Amino acid sequence: MKRLMLLMSLMLFSGSCAKVFVENDYRYSNHFGKYRSYAFVDCERDTTIMCEDVQQAIQYQMRARGYEFNAQAPNVFVNFAIYYDPVRYKGYEQPSLTNWLATEDDNTEYRPVKYELGRGTLMISLIEAESSEVVWRGYATGIFNKASSKKNYFKSIVRNIFDQYPLFAAGQKAHKIKENL
């Protein structure tokens, strides 16, 4: 985690860094194993083409993990926001999701980390429909740079975020996710 903090510090001081920082947080007391379906919370903050591109990229990542779209009765809602200005965010230092799932130790400590996310942040949240609680949140900052005008750029950013969510829908077997760039 010290390496992560060093990376964040370097990004903050570089101002117009071309690299994108990706991180995620998750709730320990969750039911990842029972989720099968999803629906979107409307993208109210941004009605541009970028919003459509991001939503399509998220749909691709959810389908690739075996989740079915179900607007009437989803297990999880997907919400995303695009922040153009710098954002202060309270995240958590915690084991990778894969490592935590190996032990499912609910006593593992959450260590709050305050992030100063730079200009251009995409934040994706999975919200459990039953409890209305965020169970996983992935985010990338520094998304607006010279590469952001390239075709499929936001598809790549979404994939980098979802690389932090290596789980498949209930009843689905893990397989290699092929990206259709």
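See the structure shown above.
What comes next is a walk through the structure. What you are looking at is a predicted structure, and each value in this text was computed from that prediction instead of being measured. (Residues numbered from 1 in each chain as written. Predicted model: local features only at pLDDT ≥ 70, side-chain atom pairs only at ≥ 80, totals over all residues. Heavy atoms only, no water.)

**Description of the packing of aromatic side chains**
Note the following rule: A pair of Phe, Tyr and Trp rings is counted when the ring centres sit within 6.5 Å of each other, with Trp represented by its six-membered ring. The angle between the planes then sorts it: under 30 degrees is stacked, over 60 is edge-to-face, the rest tilted. Residue burial is assigned from relative accessible area. The probe radius is 1.4 Å, only protein chains are included, and a residue is buried under 20% of its type maximum, exposed over 50%, and partly exposed in between. Every helix listed is a DSSP run of H or I at least four residues long, and every strand listed is a run of E at least two residues long, numbered separately from the N terminus.
Enumeration over the complete set of coordinates arrives at 12 aromatic pairs. Between Tyr 38 and Phe 40 the ring centres are 5.7 Å apart and the planes differ by 80 degrees, which places this aromatic pair in the edge-to-face class. Comparing Tyr 38 with Phe 40, the two get one shared label, buried. Look at Phe 144 and Phe 154: their rings are 6.3 Å apart centre to centre, the planes differ by 70 degrees, and that puts the pair in the edge-to-face class. A residue pair is termed long-range when its members are at least 10 positions apart, and Phe 144 in the loop between β8 (134-141) and α4 (153-162) and Phe 154 in helix α4 qualify at 10 residues. No difference in accessibility class separates Phe 144 from Phe 154, as the two residues are buried.

**So, the pattern of salt bridges**
In plain terms, the rule: Any carboxyl oxygen of Asp or Glu that lies within 4 Å of a side-chain nitrogen of Lys or Arg is treated as forming a salt bridge with it.
Overall, the coordinates contain 3 salt bridges when judged by the stated rule. Across the salt bridge formed by Glu 130 and Lys 34, the nearest N and O atoms sit 3.3 Å from each other. Of this pair, Glu 130 sits in the loop between β7 (121-128) and β8 while Lys 34 sits in the loop between β1 (21-26) and β2 (37-40), and the two are 96 residues apart along the sequence. Judged by its relative accessible area of 67%, Glu 130 is exposed. Taking relative accessible area as the criterion, Lys 34 reaches 38% and is therefore assigned partly exposed.

**Details of the sheet that holds strand β4 (residues 76-83)**
This is how it is decided: A pair of strands is considered paired only if DSSP assigns at least 2 bridges between the two. Note on definitions: a residue-residue contact is assigned when non-hydrogen atoms from the two residues lie within 4.5 Å. Axis lines are fitted through C-alpha atoms, for helices just across the contact stretch, and the angle between N-to-C directions can take any value from 0 to 180 degrees.
Spatial strand order, β1-β8-β7-β4-β2-β3: 6 strands in an open sheet with mixed pairing. One side of each edge strand has no neighbouring strand; the edge strands of this open sheet are β1 and β3 (68-69). As paired strands, β2 and β3 are joined by 2 bridges and run parallel to one another. The partner of Tyr 38 across the bridge, within β3, is Phe 69. In this fold helix α2 (residues 49-64) packs onto β2, β4 and β7, with an angle of close to 145 degrees to the strand it touches most, β4.

**Brief notes about the environment of Gly 171**
Mapped onto the secondary structure, Gly 171 falls in the segment after α4. The exposure class of Gly 171 is exposed, given its relative accessible area of 73%. When the C-alpha atoms of Gly 171 and Arg 36 are compared, they prove to be 7.9 Å apart, with 135 residues separating the residues in sequence.

**Some thoughts on the environment of Gly 33**
Checked against the element boundaries, Gly 33 lands in the loop between β1 and β2. Remark: the alpha-carbon pair of Gly 33 and Gln 172, spanning 139 residues in sequence, is separated by 10.0 Å.

**Thoughts on the environment of Leu 126**
Counting through the fold element by element, Leu 126 comes out in strand β7. On the basis of relative accessible area, Leu 126 is assigned to the buried category, the value being 1%. Taking the C-alpha atoms as reference points, Leu 126 and Val 41, separated by 85 residues in sequence, lie 10.0 Å from one another. Apart from residues no more than four positions distant in its own chain, Leu 126 is found in contact with Met 62, Phe 77, Val 78, Glu 133, Val 134, Val 135, Trp 136 and Tyr 165.

Purely spatial values, then, with no claim about function.
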